[in-house]
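Summary of structural features
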Amino acid sequence: YSKCPDIMPMQRKFFTRRAFSTSRILNAQQMTVRDALNAGLDEEMERDERVFILGEEVAMYDGAYKVSRGLWKKYGDKRVIDTPITEMGFAGIAVGAAMAGLRPVCEFMTFNFSMQAIDQVVNSAAKTFYMSAGVVNVPIVFRGPNGAAAGVAAQHSQCFGAWYSHCPGLKVLSPYSSEDAKGLMKAAIRDPDPVVLLENEILYGAAFPMSDEAMSKDFIVPIGKAKIERSGNHITLVAHSKAVELALEAAKQLAGEGIECEVINLRSIRPLDEETIVKSVIKTNHLVTVEQGWPQCGIGSEICARIMEGEAFYHLDAPVVRVTGVDTPMPYTKSLEAAALPQPHDVVRAVKKVLGGRLWTVIN
Amino acid sequence: MFSACFRTLTRHAKPRTSSTCNGYATEAATFETKPFRLHKLDSGPSTTVTVTRTDAVDMYKKMHMIRRLETAAGNLYKEKIIRGFCHLYSGQEACAVGMKQAMRPHDSIISAYRVHGWTYLMGVEPLGVLAELTGRQSGCARGKGGSMHMYTKNFYGGNGIVGAQVPLGAGVAFAAKYSGTDGVCLALYGDGAANQGQIFEVYNIAKLWDIPCIFVCENNGYGMGTSAERASASTQYYTRGDYVPGIWVDGMDVLAVREATQFAINHCTSGKGPMVMEMVTYRYSGHSMSDPGTSYRTREEVQEVRQTRDPITSFRERILTAELATSDELKKITNVQKVLQTEKDIVKRRFHSLSVSNLASETSSRNNETAQMSTLKKLLVV
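No experiment lies behind these values; they were computed from the predicted model shown.

With that settled, consider the overall build of chain A. The helix and strand tally for chain A stands at 14 helices and 14 strands. Reported as C-alpha extents along the three principal axes, the dimensions of chain A are approximately 65 × 50 × 45 Å. Within chain A, buried positions represent 62% of all 364 residues. Carbon and sulfur atoms form 55% of the exposed surface of chain A, whose accessible area is close to 14500 Å². Seen as two clouds, the 39 positive and the 42 negative side-chain charges of chain A have centres 4 Å apart.

In structure tokens:
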């Protein structure tokens, strides 16, 4: 466990021991995802005075989840702006400001509330560059926590990865680690097109090692490139956001049984790094996708379709299995909530199903 | 009934000329407009308006061009060379021309989909507008936008979702304030859109943050086929901003529109925050080309407005009565019709549409053209 004094006591119960990635850590400084997002925002605001933040409680309250802590104090009313509870209105204003040359970072307190403003995100932001044949750019970032939290029930727990990644004209990012968070935040703000940055509330308090490179002010994680968190030969696990942690945990358990998983952290869901997935599947011949969102038309569905349509299909030794959240609205009570979301043992079961009769061959 | 409203409006008073010199045209003339109605304002625009000869001729020319452009568009639509939606501005010309006349170079405007006239006023040549309407690659959006999605400098479209353009306009105005350009943004919407929740959301934010946004309700009496009275509990659109001051304007009088817009711009740029303007106008055609416009109103009503309150003919009368120009000079201007005929032919015969390889271009700023093409190929191969 890392010390994260700013997290509500309730959330500490949801920490698990993290499986560190196998990439080299030059100088292991620990940083929470929250602080990494904050650093990304701070550095980009310092670098470019067109960047400003707006949303509910982002200024004086320091952010509903403290992601924008300290920024209002540092940059003032002009650049960190509290809005009324009117998503459609302030998201529209943010898009208009972007069209006119500013670089807004528009926070949705959670992405559930973005549904109120989704017309502005899709019809005004995403499509305008295309409709105007390049005359009007919309360099906006929509950010906020996405997906399941803890005990917040159905209306506050939906994952919007599938919804937004469906739309051409949007870039959709989903960080897992602190490096992802900072690098993708900075890349999103510098990007000339609309970006949806899907954060995760449970991960805000999680600490990860940050390399020296990641600590620098010019550190960017490229959009559209996945990261291989863990190398393996037997099966590929593809996940984004919190599900990467599940996959890594499952991989750890399976390693104890001699099954080596290759875990891919997508980082971007649109554009999807198909190349990295295909290359991995060609190597391992087996694939399981892991996500917290609902199964129908989800990220896993898209990956399955692309694998089927391409070269990787012929390298599969077994059909792909998707591990997803259960196809129901999120229940409140703890036991049902845990059952509604994928757990590491669900991933382990899926891996064993896919590897099936090959298990004996694999272990040997 | 809406038509009853129109009948009670009186015609404008006779002009007072400032000087006449041996029967030559005068240099400027002064007119009286209908009174403006004010909401939460102690004083409003002056009803005594002066216009120079140059400006009068210019405004007349622009209004006439828009009328001809829209007629050409209507004909091209009937020939099926313009497809999809086509919303004509005929009858409403005084609003756009009057507003544009008061705008400064660094002011912006955003509207909904009835914008062919605005696109022309903001700098796109009529040929460019027609080319875009007919989907040609020389159109201002290379044919990818069409009737509802045309953009140019300081003109943010061209928006298809009713009401969505108003928050966008407030955002453009916000950016002007943030960047210190002293610019304002006119955010236009119709009587139908005026009931949209998001508009009230931005009235609130604009007033709270002193955003230099001028909200303009072009009240042409109908939201598609629904009259204003059937859609709105309050048809006093200039008061709907509540705590945002408002002005009611005779939208068929280009000089009244110009005067009111000037007043509104002064208001916003002197730090007094946003303003609402309601411009009462009329559209001769239906909501769009697929609407004959006669199922929800009588032909007599349309005819009456054409005969008694047409913005172009009534302005022409004013010009001639005040001797700002001769009838021959004005006739020369109306020969623009011949120009448009040629342009229609050019558009029909010589202009081309974008090739399919452009389907995926401009989806994002840094397109990987190869990646786009390979996706496209996958889609096309069975």
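Turning next to the nonpolar core. A:Phe142, B:Phe174, B:Tyr189 and B:Phe215 are the most contacted members of the largest nonpolar core, which has 79 residues in total. The residues touching B:Tyr189, leaving out its near neighbours within four places in the chain, are B:Gln165, B:Val166, B:Ala194, B:Ile199, B:Tyr203, B:Phe215, B:Val216, B:Cys217, B:Glu218 and B:Val276. Counting residues in hydrophobic clusters, the runner-up holds 70 residues, among them B:Ala102, B:Leu324, B:Leu330 and B:Val347.

On to the UniProt feature "domain: Dehydrogenase E1 component" (unreviewed entry) in chain B, then. The positions UniProt marks with the feature "domain: Dehydrogenase E1 component" (unreviewed entry) are residues 62–335 of chain B. Strand forms 11% of residues 62–335 of chain B and helix 45%; the C-alpha atoms that close the span are 13 Å apart.

Another aspect to go through is the environment of A:Pro194. Inspection of the secondary structure assignment puts A:Pro194 in the loop between helix H7 (178–190) and strand E7 (195–199). Sequence-wise, A:Pro194 and A:Ala100 are 94 residues apart; in three dimensions their C-alpha atoms are separated by 14 Å.

Turning to the packing of aromatic side chains, a few remarks are in order. Each aromatic ring pair is described using two quantities: the centre-to-centre distance and the angle formed by the ring planes. One pass over the structure, following the stated rule, counts 17 aromatic pairs over all chains. With a centroid separation of 5.9 Å and an interplanar angle of 45°, the aromatic rings of A:Tyr65 and A:Tyr204 are classed as tilted. With A:Tyr65 in the loop between strand E2 (51–55) and helix H3 (71–75) and A:Tyr204 in the loop between E7 and strand E8 (207–210), the pair connects residues that are 139 residues apart, well separated along the chain. Accessibility expressed as a relative area gives 23% for A:Tyr65, which makes it partly exposed. Ring geometry for B:Tyr282 versus B:Tyr284: centroids 6.4 Å apart, planes at 55°, classification tilted. Here B:Tyr282 falls in the buried class, since its relative accessible area comes to 0%. Above the face of the B:Trp248 ring, B:Arg37 is positioned so that its terminal group lies 4.1 Å from the ring centre. The cationic tip of B:Arg306 hangs over the ring face of B:Tyr284; the distance from NZ or CZ to the ring centre is 4.1 Å.

Contact with chain A, which involves 46 residues of that partner, is made by 35 residues of chain B. Taken together, both faces of the contact between chain A and chain B bury some 3200 Å²; the carbon and sulfur share is 68%. For chain A, the biggest contributors to the area lost against chain B are A:Ile93, A:Tyr130 and A:Met131; these three give 22% of the whole. Between chain A and chain B we count zero salt bridges in total. Joining chain A to chain B, the criterion identifies 10 residue pairs in polar contact (both at pLDDT 80 or more). If you list the elements that add at least two residues to the side of chain A that touches chain B, you get E2, strand E3 (80–82), helix H4 (87–99) and helix H5 (118–131) of chain A. Among the elements that line the side of chain A that touches chain B, the one with the most residues is H4(A), at 10 residues. Residues that form the side of chain A that touches chain B fall into these classes: 21 nonpolar, 13 polar and 12 charged.

Of the consecutive residues A:Arg270 and A:Pro271, the connecting peptide bond is found in the cis state with omega at 0°. Looking at where A:Pro271 falls in the secondary structure, it is placed in the loop between strand E12 (268–270) and helix H10 (274–284). We note that B:Asp210 has phi near 55°; this positive angle belongs to a residue other than glycine. Note on placement: B:Asp210 falls in the loop between helix H7 (197–209) and strand E7 (213–219). Taking the relative accessible area as the measure of exposure, B:Asp210 reaches 34% and is therefore partly exposed. The phi angle at B:Glu323 is positive, at roughly 60°, despite the residue not being glycine. Following the sequence through the fold, B:Glu323 ends up in the loop between helix H11 (311–321) and helix H12 (327–334). Residue B:Glu323 is classed as partly exposed on the basis of its relative accessible area of 34%.

Right, let's get into the pattern of salt bridges. Residues and elements named next belong to chain A. This model, assessed by the stated rule, comprises 39 salt bridges over all chains. One salt bridge connects Glu 229 with Lys 227, and the closest N-O pair in it is separated by 3.9 Å. By relative accessible area, which is 16% here, Lys 227 ends up buried. In this structure, Arg 306 and Glu 302 form a salt bridge, with 2.7 Å as the shortest nitrogen-oxygen distance. Pair noted here: Arg 306 and Glu 302 are both in helix H11 (residues 299–309), with a separation of four residues, about one helical turn. Assessed through its relative accessible area of 37%, Glu 302 is described here as partly exposed.

Once that is clear, we can look at the side chain of A:Glu291. Residue and element names in this part refer to chain A. Along the chain, the position of Glu 291 falls in the loop between strand E13 (287–290) and H11. Look at Glu 291: it is buried, it has no salt bridge, and the nearest opposite charge is Arg 322 at 6.2 Å. At 3.0 Å, the side chain of Glu 291 and the backbone nitrogen of Ile 299 are in polar contact. Those residues in contact with Glu 291 that lie beyond four places of it in its chain are His 240, Ala 243, Gly 298, Ile 299, Gly 300, Val 323, Thr 324, Gly 325 and Pro 342.

This paragraph deals with the UniProt feature "domain: Transketolase-like pyrimidine-binding" (unreviewed entry) in chain A. Under the local residue numbering, the UniProt record ascribes the feature "domain: Transketolase-like pyrimidine-binding" (unreviewed entry) to residues 31–206 of chain A. Annotation note: span residues 31–206 of chain A, helix share 37%, strand share 16%, distance between end C-alpha atoms 8 Å.

For the rest of this paragraph, the subject is H10(A). Residue and element names in this part refer to chain A. Within the span of H10, buried status applies to Thr 276, Ile 277, Val 278, Ser 280, Val 281 and Thr 284. If you follow the buried residues of H10, they end up packed against strand E9 (227–230), strand E10 (235–239), strand E11 (261–265), E13 and H11. Directly beyond the C-terminal end of H10, a positive phi value near 70° is found at Asn 285.

Residue and element names in this part refer to chain A. Along the chain, the position of Phe 142 falls in strand E5 (residues 141–145). Given a relative accessible area of 0%, Phe 142 falls into the buried group. Leave out the neighbours within four places in its chain, and Phe 142 touches Ala 91, Val 95, Cys 106, Phe 108, Phe 111, Val 121, Ala 125, Val 195, Val 196 and Leu 197.

Definitions and limits used
- Residues numbered from 1 in each chain as written.
- Chains lettered and ligands numbered in written order.
- Predicted model: local features only at pLDDT ≥ 70, side-chain atom pairs only at ≥ 80, totals over all residues.
- Heavy atoms only, no water.
- Helix = DSSP H or I, 4+ residues; strand = E, 2+ residues; numbered from the N terminus.
- Buried < 20%, exposed > 50% of the residue type's maximum accessible area, 1.4 Å probe, protein only.
- Areas by Shrake-Rupley, 256 points an atom, 1.4 Å probe, with all protein chains shown as cover.
- Lys, Arg positive; Asp, Glu negative; His and termini not counted.
- Charge placed at Lys NZ, Arg CZ, Asp CG, Glu CD.
- Core = buried A, V, L, I, M, F, W, Y, C linked by side-chain atoms within 4.5 Å.
- Contact = heavy atoms within 4.5 Å.
- UniProt positions renumbered as here; feature names shortened; annotations may be inferred.
- Phe/Tyr/Trp six-rings, centres within 6.5 Å; stacked < 30°, edge-to-face > 60°.
- Lys NZ or Arg CZ within 6 Å of the ring centre and 35° of its normal.
- Buried area = accessible area lost by both parts, 1.4 Å probe.
- Salt bridge = Lys/Arg side-chain N within 4 Å of Asp/Glu carboxyl O.
- Polar contact = N/O pair within 3.5 Å; in protein donor to acceptor, adjacent residues only side chain to side chain.
- Nonpolar A, V, L, I, M, F, W, Y, C, P; charged D, E, K, R; others polar.

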